[in-house]
Structures are given as C-alpha cells and as structure tokens.
Amino acid sequence: MKRALFLLLMSCGAGPDDLFVVGGRTLTRAGEGQPDVPLSVTRVRGCRDEAATRLRESASGDGGEFSFDFVRVEVQSLSDETPICTRVEAAYPGGARVWSRLSFLPYRLQLPDFTDWQANLTLDGGVPQLTRAVDEQTLTECRGTFPEREVVEHGVTVRTSTGLAWEATDHVLKNVVRDGGFTVQTVYEPVPLELPPEALEDFDVEVTAEAKRIGCVDVAGGGNLGLPGPFQVNTRWASPGTLKLRGTEPAASRGGRCDDLPEPCPLTDGSLEPVLFAEPTNRFTLRFDRPVSVRAVAFRGGLTDYTLRAEELSVRAGSDATTVRPDGGEPDSLDDLAYVPNGELARRSYRLFVLDRRLLPATVIELETTRTFFGLAEISLFE
Amino acid sequence: MRAPVLLFVLLSFSARAQAQDAGVITAPEQKTPLHAVLPPGALPPGGRADVALLITIAEDGTVTDAAVEGAPAQELLDAARAAVTALTFRPATLGGQPVRAQVRYVVHFEAPAPSVDAGSDLSRLFGRVTSKGTRNAVATASLWVDDAGTPATETGADGEFELWLPAGPHHIEVRAAAHAPGVFDEALKAREALEVTYRIVRDVLNPYETVVRDRADRAEEARIQLSGPELREVAGTQGEPLRVIMLLPGVTTPMSGISYPIVRGASPAATGFFLDDVQIPQLYHLLLGPSVIHPDFIERVDFYSSNAPVRFGRITAGVVSASVARPRDDRPHVSAYVDVLNAGAFIEVPIEKTGTHVAIAGRYSYTGLVLQLVGKALASGSTPVADFYDYQVRIDQKLGPASLRLLAFGSSDLIGARADDPINDPSSYVASRFHRADLRALVPLGGGVLEGGVTVGTETQGLYNELNGQTQASFLMNRFTVSGRVRYRLEHGPFQLKLGADLERQQSDIGIEVQMSASPFQVPRTLGVFSGAFVELAYTDGPFTAVAGVRGDTFHLAPDTWATSIDPRLELRLKAHDRVTARAGAGLFHQAPLLLINLPVTDAAAIKDGLHTVVQVSAGVEVQLPLGLQVQLDGFYNHLLAARERSLQQFASGLSTLDDRLAASRTGRAYGLEVMLRAPAKGRFFGWLSYSLMRSERLRRFGVYSQDQVLAGQSEAMLPFVFDQTHVLNLVAGYQLPYGFKVSGTFHVNSGRPESGEFSSRTQRLVQNDFGLYQWQPVPLDQVDRLPPFWRIDVRVSKTFLLDEVSLELYLDVLNVAARQEVVAYTYSYGGVPGVQAAVLPEKTPSGIPLLYPSLGLKGSW
C-alpha cells in the first residue's frame, strides 16, 4: 500500500523545468539599500570555479533588491553525477565583492543581505589587522542547522600567479566534550588570525582580506510536507585592496620527485594548480637529490573528506621520524564546499604542521596523515 | 353467479412521468365505477382471471387508449376493454397542473364459487403465488389442475387464488410470465379448506432497479440507459452501479482500476459528483474500493459526459448525478451483505400512519483484520491500513401536497502504514472523510413545483504521522460548507420552464503541525462564496426537442476577489426515423481554478487567477440495429479558452515550473470520437463494446536545452495532457446460466499516458558525461515518451439461492484477474554486479502495481 501511495503521488517528482527563485538585497555599510550594484550569477560545474558559466547579469533595484529565476536544468545536474553550484555575486563600486555559492538551491531563497565592506587590511608584525565585515548584533539564532547561531569568520587569502597559496581564518572547527563526557559537540571556536611566514613561502603574493558569514534562513520546501524549513547559506566577502608581498621562507622541497606522480612532480613545482589523484591517498613519498632536514610541512589546496577528525602527520626522514598532533582544532576554510569529480563532498584545506624538532637530513621523506586527500596543490617542506 | 369483482391497482406511472424528479405528482383518481360483465362460460365455477391494461388518461380525465398487457382469453379482454374505456377519471397532476398519464389498470374477473354443502365432496384450495426468494406476489399466474387443457384459474393482482376441487390427489401446475413453471402435488380431503403458498422461480433473476443513463431531464431522452444486470453484474465493479461509469465511452482513469473518472480528457476535478444535487467530494472509497453510497440507496445514476444541464453549475466537464431511491411504501425492505473486506446493510421502513418513510444504509470495512495478517506475513515493520465506512439516512415526510426530506450521508477513508512498534517508529496515514446533511422541500406552487434545499457539510483530507500516540506532523485540509438552493419548474403545452438559484459558502483552512520546524509561516485560510442563477426552456414538437438555458455565477474569495461568468447552453435532438436519433449540443462552462482532484482550499484560494473556461460542442447519432442491438456514435470538441488547472506539485511542495508561469494564459483542447455497440439487458444476455479515440492537449511552456544542460531557450507547444489516452476500449458481457448461476467478464485496454513527470516518471535519455560514462538525463517536455499500453480482464461469477422469502447471492468478483501490472512510471538507475562491476550500467525498470482486487461476498435481501 505504501508503494501504491508513492506511485500515485509521484506527480511531485523533480523536472528539468522546475523554477528556482533567488533574491536578496545589496546594502551599504550603514545598512541602507544600495541600488545599481552589478550582479552576476554563474553556474559552477563540479563546484570548481574554473568551470564556471555565466548565467545572468543584472543590477540591484532602487532599494537594493534583486531577484533571479532559474530552471532546474540551469542550476542542478539532471544526471545527479556532476554537482553544480550556483554563485550569486555582487560587485560593489568600491571594489568589494560579496557572493554566495550554493551547492543546493532551494525553490525560493532569500539570501541574507549583501553589505559593502572595506577591510583596511594591514599586517602588524605578520599578524593581519582588519575591520569587521558584519556587525555581530545582526547575527541570529539558527534552528535546525549547524551552527546553532550564525558565525562570522574573517581571514586572509594569499594568492600567487598560479593559484591560492594560503588561507587563514580566525575560527577553527573542533569537537568538544560536554555533559560530563556524554556528548561530543562540534563548535566554531575563535582563534587569533595568523599568517605564518611559511604560508608565503618565497612566492610573490597578493594578500587580501575576506570574510564569511555562516548564515541560516527559512526557505520554501525545506521542511516536512513541502513546508518552509531551515537552510544554511553562506555569504562571502572579498575586500578591495591587496598587500603585495614576497615570501621569505623558501621551500626545501621545490623540485622534489613524488612517488606515483609524473615528473616534474606537480606537488613540488611551486605551481598551485590543484592535482586530483586517481585514488584518494594519505601517503606521500618525496625524493630529493640532496638531503633535506625537515622542520615544518605545509599542505596547500588540499581536497579532503569533510569529516572532522583528529589530525596527525607522521614524517619519516631516513632513520628519523616524528608525529605531530595539533590540538587546536581544524582551521575552517573560508571557501565553501568543494566537490571532487566523483561527486563526493570535500573540504579545501591549507595546513601547516610545525614539527617538534628538525629531523635528520634525508633524501627520501615520507609523509602520512590521518586525513585522506582527493587532491592537492602543493606540499612544501621547510628546513 | 357472483357479481364480477373489480380491482383497481395503480402500479406505476410511465417512464416519462418517472423522469419528473423534482415535481409533486398526484395519481389520477377514478370518478365513475367500473361496469365489467363476465362473459358466460369464460371461467369455471370459482375461477378467477385478471386482464391487465395499460390505459392512457388524458388531461380531461377520459381514457384515450387501453393497450393490453396480459389477458388469458380474448373474450375477457374485450369485456375489460369495453368497461375501462367507459371510465372517467380526475386526471393526474404535476405541480397542480393536469397532465396526461399512463396507468396500469387490472380488471379482475371471478366466477361464483360453488356452495359447500353437506352433500358435496368439493374441497377449497386457496392461497397465494409469489416469486421465490422474495415477498413479491405474482399476478395473472395461471393454475392448471391435473394436466387439464385449460387453466382452472388465475391469480389476482395480489397473487391470490381460489380453487374448488374434488377430494383426492391433485397435480397443480403454476405458470406465469417470466417464471419457470412450478409443479405442486396436493392431497385434498372432502370438504377441507387448504391454504397454500406456491413460490415459483423467475426465469431471469433480476431484482435490481438502479438505472444509469446519461440524460435525466424529461425534455431529453437518455443516450445510454443501463439497468439491472448492466449495473450490478458487471465484472470488476463489485456490483457497484457507480463504478460502471468507468466503462462507458469517453471515460478514462489515472490508472486502471482507480475509480476517479476522467471525462473526455478533462482534469478529474472538472467532473462533479452529486447525490440528489448535493455535491460530494469523492465517489469511491480508497480510490478503487466500493462507492461511498450504498448501492441500494441509489435508484438512478445520470452521467453527463458533456453539456450538463444548467442546474449543475461551476463544473466544466462531466457530471455524475446519483438519485436517491424513492420511498417504497409497500412494506419494509432489508438487504445485507458481507464480503472479504467489508459488510453493509440497507433498511427501509414506511410508517403509513404518519406518512413518514425512513431508510438507513451503511457499510464498514474490516480491512484492518485482513491487512494485519498481510503485514505480519511481510514482516515489513508496519501494517498496511485501509479502513473505511459510510452511512446514509433518509427521512421523508408528507405534508399535505408538499413533502419534506432529510438526507444525511458521510464517508471516511484512512489508508497508510501503522508501525508495528508505534513507540519508536512513526505511522503514516492519508485521511479523507466528509459528512453532509440536506433538508429539501417540494411544494406545489402556481401550477408548478417549487423546490428549496439547505445543505451543510464538512470534509477533511490530508495526511499525518503518528509517533507514540502523538501526531508528529500533519497536513490536513478542512472545509465547512453551507449552501442553499431554490428551483421552480413549470410546464405548459410543449414548453417546460425551469428557474433556479443557489448559494454556497465555503470556509477552508489547512491545519499544519510540524514538530521539526518552529518556522513561522502563513497557514492558508480561505472563505469563498459562490452563487448562481439559471433559466432553462425546453420545447418539444413531435420528434424534435430543443433545450436552451443560461446560467450566471459569481465567485467570491474574501475579502475582495470577485469573478463572474455567464454560461449559455443549447441542446437539440431529432428523431429522424424510428431507428435513428440525432443530437447535438453546445455550451459554455466556468469553474474555479482546479487542482488534480477536488480538495478543500484549492479552488477558492486561486480565484484570483481567473476562471477555468471551457466551450463544449458535441454531436451524435443513435441507431437501433436488428437483434435488439444499439449503436451510438458521438463526436466532441472541448476548447479550453482558459485552462486554470493548478499544478499538484506546486500545491504540495511550493515548487513552480516554467509551465506554471503560463498558468494565467494557458489554453487547451480535447476532441474525439466515441462508439458504443450495446446489447441491452433483455433476457439472459447483456453486454456492450465501447471505444473512445481521444486527444486532450494543453498549451505548455518548457525549457529547450542541450545534453550538457545549456538552456537554449523556452518554447511553447500544445502537448498531450497528463491523463491523455488515445485509445480506450471496454468489452463487457454477462450471461445468466441455469440454476441461478451468472457469469460476466470485462476486457479493458487503454493506451499509455505521457511519461511527463506528472503522475508518472519523466522520460530520460542517456547522455555522456565528462568522463565518457553514459548517464540518465530527463528530456525536454516535448520529447517525452508514452507509457506502455495496458489491458486487464475482470470476471464475476455468482450463484443465487432462493429461499422462501429471502434471496441470497454468493458472488466472486475479481478485478484484473490476470494480476497484470500497469506501468505507471519507470525507474532510471545504474546497475552492475556487486563486488565485480561498478554501478555504471544504465537500467530502465518499469514500476507499477498489480491492482488485483478480489471480492468474495454474500448478499441477502428480504
């Protein structure tokens, strides 16, 4: 009988002509509607920015309001194999960019307000200083989504001519034990924003300030029986203005050979183009013509699974080896979700492991992490 | 010789008079006595015989015709006819006006009996002849004694007889029309009086009185009039007259076996269901179960596939109008049945003293017991639920020339899955229930008949979950209606005038409980007021009849949304030849925006979108063929000037489509041909073959895109409607075998609906992805396939047992006896050999339900 009911009510199946409406407002820093802000919508096939297709262009109305209509064929994969993300972006005249990238688009979505932002980024002894993008008092409680209250993160991104070299935020994700040990809860925990010298390596970089609001809204069709329900939607900011710097920490790994990867090894070539592995892996073996004495290891542009877990890195250098277990939680990525080609959800990560000591010099360095990588842009070893 | 005894029996009006459903009818009253003379020697001493005549009484009270219905001898017929044509009557009246009427008039002759004296050996044998299994008297049955060459006597209208016979054994044979001869042996003692009851068996067991026809008004003749076994013995209908509609031409269904009629390609919600003009939200339990009205409560079913009379307002497609059985004043009537899923009963009691008549009917399912066993057998963690009940009450009261009637009826369905562990697992249900109470008065007024009625009703439809006895989530649509109507009908010469008005107030809301979300959202609540007025004039001149009418309606959604409509309609009929009748009709029809099926809230809430507007044009011809066969050919074209058919998906989930953007300007059309070849139920055989060739289309808007999902643009085209079925064929046949056995079979075949994603899956094609693998991807709306054709066979076998005054019928009715599965969707997936092969092999798997519905039951009538 249940099957009969299902078949009889099958008229509610998804169709390629289903309509999706996304709206929002562009506001000034003071919270007033800002008209004529250029807007664009791109379809990001595979949720990787490099495969974006421009879908719409428009500008906000008199009160700053905007709205876009799409059909399912534009914003969702009909074959359910290659995910599609939809990115709605506002480009403020002052240079700020605000966007939301949605891996799942509900039927009717009113985005949290886009507001202008000038971060006025400076570095004070290598520590980023910036103004906040969102007034904390505008954040709301969330029901049915994680986290239970909206969170705003700030961070910096470090870009080279070949890609993203580093990303640092002022929040980490970590599990905390509560109720006397009976429950484990994941929280966003504030931490100082830092930009270690290894992040810049010896690249010529542009450092920009970015922000993310992990927000929540009620949307149509998100709840039971097609009723409104909770939905998480992130808003991203990129502030105008960049700091042009040159790194001072050359990587000893540059030019090293990688087992199971072609030469020159794309993980040590200094290019930050991401590499997708044929099989996910958590082991890397690097070979060098001269012995390397490893002090720190940076993983750049890692695509890892989304599960939060205790991270460890084991490094073997010839007869020497060590394991580091950072306990500060996992730095949250400012970037939204990422997908790997097989459709699995992935997290983009930039991670620096400073070893407890400098290892003995060796020409073969073996790395093993508790985190499995679907892909990676660069591994940097520092002496 | 005793003087002839006169007996006058008014049995019934003619079929023409019966059709005057809303008027107060008075029978003709005899003014002058009957002087009939028994021809000498025509009957033996003590013998009796009846002559039955069908006499026509003109408006002035004179007898203008006396057709013979039955007479044992010409001399008796001549004597009776001479006496009857000399009579004068006070004429019958309809609404106070004299009308011509046909009356069955029986003249009873009885020869004087010999006197019983001490020296005589004659004995008196007297009693009654009845039809076995009933309490119905058999009139004009002849009794033959000891194989004599002529009958000794005949029964009177009350079935009684009297014979004077010598003492000793006698062989009595009773012969009557439509009955098998009955033979009885008696041993009489001298000067003894012996009272007997002779029960004889009908040739054709046909105790049913319900009639289905597709025209009810007296100014029109029925196009299809089904009766008796054509309604109760059609295989696959479980003996339900209302389900026979599904086998008539022009009728399809969302899925074979589902009894939701789609008439001439219209949305199911465009067809209205009425019980004595009281609209009801559904006709059948559980979509495929028995009707919500007990069969014995229904006297007639009128089915209008198009051009419904103007009294039916705010409906744009077919009308199914069931008429409550009129009170029978002769005696109490009782029937009851039990089958594997439910039991029902009907009781009808006349109270002569007060002029009151009460009828009560109802049924109750015990599917829970059956399905509980099924659920345990399947060990699925839950037990299927399919419970239902219905009830009907009718109280008629005569008030002088007027009459008052209270009609109350209701129904409840509950289907779903009850968790075996209700503490930890949720149970899910779909509920549908309604209740109606209608008070109607008929009053003669100014030469016509005035009808007034008030109806109140409630209904609830929706779904809910339960966990640990608490409602976890619910979505229930409720409607409370109050309506009133007033109508007046007047006849004058060849004209018939009808006037009427109605008003309906609907208050609807959606009750929502969602435990998981505390999100604030608006609960839909609507107040709709619908009103209408109509006038209809019918003109009849010999073989020609014209019926012209116009109806005006207002649709109001509180507080400030209004819509109005004017619907002119015309119907013409010409009996061009004794065997050929032609007819044609056209009309304009309006309805509030409609969803797939009739649900609370959905229509009134969308009035702001405009009215659903349809022009109906149809023409047909009916030809009487040799061997009593009939053939009918009809063509129709329905143009949807404004197709306001709301998307179920949009209503249920809030998800709109490109096509919904077209809702405010959508048009459509439906056209087709219907053929029906019928052998009406006469004797032991009945059957028909119906075939419909139809096309129903709607203007649709859809996206045109490439394989890599690049939207090239939008397109509009006239595409097949979600329920469009090009070919539908039904073959129905039944035969009554000896010894009370009856068999019938139904063969149904239909071509497939579009696989458009509405009430089905959406056609998908294989495309290559970035990695060279083939994947399923839905196609644009104008490229969808059709679901495959489907056929099924239904069978019914029954055996009637006739006890003295009770008849029992044991029946087995099986819908889809071959358990064939109609494909209603496809599943597009990826297969592979687990552990060996990746799940990358595209597979297209048909999905469907083998709707096998066996019904084994026993029905008794008294």
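The structure displayed is predicted, hence computed values, not measured ones.

## Remarks on the overall build of chain B
Right, so step 1: The secondary structure content of chain B amounts to 5 helices and 50 strands.
Right, so step 2: Within chain B, buried positions represent 54% of all 862 residues.
Right, so step 3: Total accessible area on chain B stands at roughly 34,900 Å², and carbon and sulfur atoms take up 60% of it.

## Some words on the side chain of A:Lys212
Right, so step 1: Structurally, the position occupied by A:Lys212 is in strand β15 (residues 204-219).
Right, so step 2: A distance of 2.7 Å separates the side chain of A:Lys212 from the backbone oxygen of A:Ser333, its partner in a polar contact.

## Concerning the state of the cysteines
Disulfide: a covalent bond connecting the sulfur atoms of a pair of cysteines.
All names here are of chain A.
Right, so step 1: This structure, assessed with the given rule, holds 2 disulfides over all chains.
Right, so step 2: Between Cys142 and Cys216 runs a disulfide, and the two sulfur atoms are separated by 2.0 Å. Handedness here is read from the sign of the S-S torsion; for Cys142 and Cys216, about -85°, the answer is left-handed. You can see Cys142 sitting in the loop between β10 (127-129) and β11 (151-160) and its partner Cys216 sitting in strand β15, a full 74 residues away along the chain. Comparing Cys142 with Cys216, the two get one shared label, buried.

## So, helix α2 (residues 74-84) of chain B
Residue and element names in this part refer to chain B.
Right, so step 1: Burial in α2 covers these residues: Leu76, Leu77, Ala79, Ala80, Ala83 and Val84. Buried residues of α2, seen end-on, are gathered within an arc of 165° and therefore sit on one face of the element.
Right, so step 2: Contacts made by the buried residues of α2 are with β3 (48-57), β4 (63-70) and β8 (101-110).

## A short note on empty space enclosed by the protein
If you roll a probe as big as a water molecule over the atoms, it shows you where there is empty space left.
All names here are of chain B.
Right, so step 1: On inspection of all chains with the given rule, the structure shows 17 cavities of 30 Å³ or more.
Right, so step 2: Here the largest cavity is characterised by a volume of approximately 670 Å³.
Right, so step 3: Along the walls of the largest cavity sit 38 residues, with Phe274, Gln279, Arg314, Glu504 and Gln506 positioned nearest its centre.
Right, so step 4: Every element with two or more residues in the lining of the largest cavity is listed here: β21 (278-280), β30 (448-467), β31 (470-492), β32 (495-514) and β34 (544-557).
Right, so step 5: By residue number, the principal contributor to the lining of the largest cavity is β31, which donates 6 residues.
Right, so step 6: Volume-wise, the second largest cavity comes out at about 550 Å³.
Right, so step 7: Around the second largest cavity, the lining comprises 32 residues; the ones closest to its centre are Ser647, Leu648, Asp659, Arg700 and Glu758.

## Some details on the pairing of strand β13 (residues 168-175) of chain B
All names here are of chain B.
Right, so step 1: As judged from the 4 bridges shared by strand β10 (residues 142-145) and β13, these two strands associate in the antiparallel manner. Looking at the pairing, Val145 lines up with Ile172 of β13.
Right, so step 2: In the sheet, β13 pairs with strand β14 (residues 182-188) via 7 bridges, with the strands oriented antiparallel. Residue pairing for β14: Gly168 is matched across the bridge by Leu188.
Right, so step 3: Hairpin connection, β13 to β14: the antiparallel pair is bridged by 6 residues, and Ala178 has positive phi, about 65°.

## A look at a nonpolar patch on the surface
Residue and element names in this part refer to chain B.
Right, so step 1: On the surface, Val338, Val340, Phe801, Leu810, Leu812, Leu856 and Leu858 cluster together to form a nonpolar patch covering roughly 540 Å² of accessible area.
Right, so step 2: Every element with two or more residues in the nonpolar patch is listed here: β47 (807-815) and β50 (853-861).
Right, so step 3: In this fold, Val340 is placed in the loop between β24 (333-339) and β25 (342-351).

## A few points about the sheet that holds strand β13 (residues 171-178) of chain A
All names here are of chain A.
Right, so step 1: With respect to topology, 3 strands assemble into an open sheet ordered β14-β13-β23, the strand pairing being antiparallel. With partners counted over all chains shown, the strands left at the sheet margins are β14 (183-190) and β23 (330-331), one partner each.
Right, so step 2: With 8 bridges connecting them, β13 and β14 associate as antiparallel partners. Looking at the pairing, Arg178 lines up with Thr183 of β14.

## Digging into the confidence of the model for chain A
All names here are of chain A.
Right, so step 1: Predicted confidence across chain A gives a mean pLDDT of 87, with 91% of residues reaching 70 or more.
Right, so step 2: Mean pLDDT across the elements of chain A bottoms out in helix α1 (residues 2-8) (43) and peaks in strand β27 (residues 378-382) (97).
Right, so step 3: Segment residues 1-12: pLDDT under 50, and 33 contacts once partners within four positions in sequence are set aside and those in other chains are kept.

## Description of the pairing of strand β22 (residues 320-324) of chain A
Residue and element names in this part refer to chain A.
Right, so step 1: Residues of β22 alternate between two faces, with Asp320, Thr322 and Val324 buried on one and Ala321 and Thr323 left unburied on the opposite face.
Right, so step 2: Pairing between strand β21 (residues 313-317) and β22: 5 bridges, direction antiparallel. When the bridges of β22 are listed, Ala317 appears paired with Asp320.
Right, so step 3: Counting the residues that bridge the hairpin from β21 to β22 gives 2 residues, and of these Gly318 lies at a positive phi of roughly 65°.

## Description of the side chain of B:Arg700
Residues and elements named next belong to chain B.
Right, so step 1: Among the structural elements, Arg700 can be located in strand β40 (residues 685-705).
Right, so step 2: Note on Arg700: relative accessible area 10%, which makes it buried.
Right, so step 3: Setting aside anything within four residues of it in sequence, one finds Arg700 in contact with Asp659, Leu662, Arg666, Ser715, Glu716, Ala717, Leu719, Glu758 and Leu781.

## Regarding the packing of aromatic side chains
Geometry of an aromatic ring pair is reported as the spacing of the ring centres plus the angle between the planes.
Right, so step 1: Following the criterion strictly, the structure yields 29 aromatic pairs over all chains and no others.
Right, so step 2: When the ring of A:Trp166 is compared with that of A:Tyr350, the centres are 6.0 Å apart and the planes differ by 65°; the resulting orientation is edge-to-face. Residue A:Trp166 is located in strand β12 (residues 163-169), and its partner A:Tyr350 is located in strand β25 (residues 345-354); the two are separated by 184 residues in the primary sequence.
Right, so step 3: Among the residues examined, A:Trp166 registers a relative accessible area of 5% and is labelled buried.
Right, so step 4: The exposure class of A:Tyr350 is buried, given its relative accessible area of 8%.
Right, so step 5: Seen in terms of ring centroids, B:Phe89 and B:Tyr105 are 6.4 Å apart; in terms of plane orientation they differ by 90°. Their pairing is edge-to-face. Of this pair, B:Phe89 sits in strand β5 (residues 89-90) while B:Tyr105 sits in strand β8, and the two are 16 residues apart along the sequence.
Right, so step 6: Grouping aromatic residues by their ring pairs yields a cluster made of A:Phe277, A:Phe284, A:Phe299, A:Phe353 and A:Phe373.
Right, so step 7: The cationic tip of B:Lys844 hangs over the ring face of B:Tyr826; the distance from NZ or CZ to the ring centre is 4.5 Å.

## Re the pattern of salt bridges
Residues and elements named next belong to chain B.
Right, so step 1: For the structure shown, the criterion picks out 70 salt bridges over all chains.
Right, so step 2: Among the salt bridges present, the one from Asp277 reaches Arg311, with a minimum N-O distance of 2.7 Å. Residue Asp277 is found in the loop between β20 (272-275) and β21, and its partner Arg311 is found in the loop between β22 (298-304) and β23 (319-324); the two are separated by 34 residues along the sequence. Comparing Asp277 with Arg311, the two get one shared label, buried.
Right, so step 3: Close ionic contact of Arg569 with Asp567 constitutes a salt bridge, the shortest N to O distance being 3.4 Å. Comparing Arg569 with Asp567 shows no difference in burial state: the two are buried.
Right, so step 4: Salt bridges sharing common partners tie together Asp276, Arg405, Asp438, Glu451 and Arg485.

About the criteria used
Residues numbered from 1 in each chain as written. Chains lettered and ligands numbered in written order. Predicted model: local features only at pLDDT ≥ 70, side-chain atom pairs only at ≥ 80, totals over all residues. Heavy atoms only, no water. Helix = DSSP H or I, 4+ residues; strand = E, 2+ residues; numbered from the N terminus. Buried < 20%, exposed > 50% of the residue type's maximum accessible area, 1.4 Å probe, protein only. Areas by Shrake-Rupley, 256 points an atom, 1.4 Å probe, with all protein chains shown as cover. Polar contact = N/O pair within 3.5 Å; in protein donor to acceptor, adjacent residues only side chain to side chain. Disulfide = S-S within 2.5 Å. Arc of directions from axis to C-beta. Contact = heavy atoms within 4.5 Å. 1 Å grid on protein atoms, 1.4 Å probe; cavity = no way out; pocket = protein on both sides within 12 Å on 5 of 7 lines; lining within 4 Å. Points joined across faces, edges and corners; volume = space filled by probe spheres on them. Pairing = 2+ DSSP bridges. Patch = residues over 30% accessible without salt bridge, like charges linked within 9 Å, V, L, I, M, F, W, Y side chains within 5 Å. Salt bridge = Lys/Arg side-chain N within 4 Å of Asp/Glu carboxyl O. pLDDT = per-residue confidence, 0-100. Phe/Tyr/Trp six-rings, centres within 6.5 Å; stacked < 30°, edge-to-face > 60°. Lys NZ or Arg CZ within 6 Å of the ring centre and 35° of its normal.

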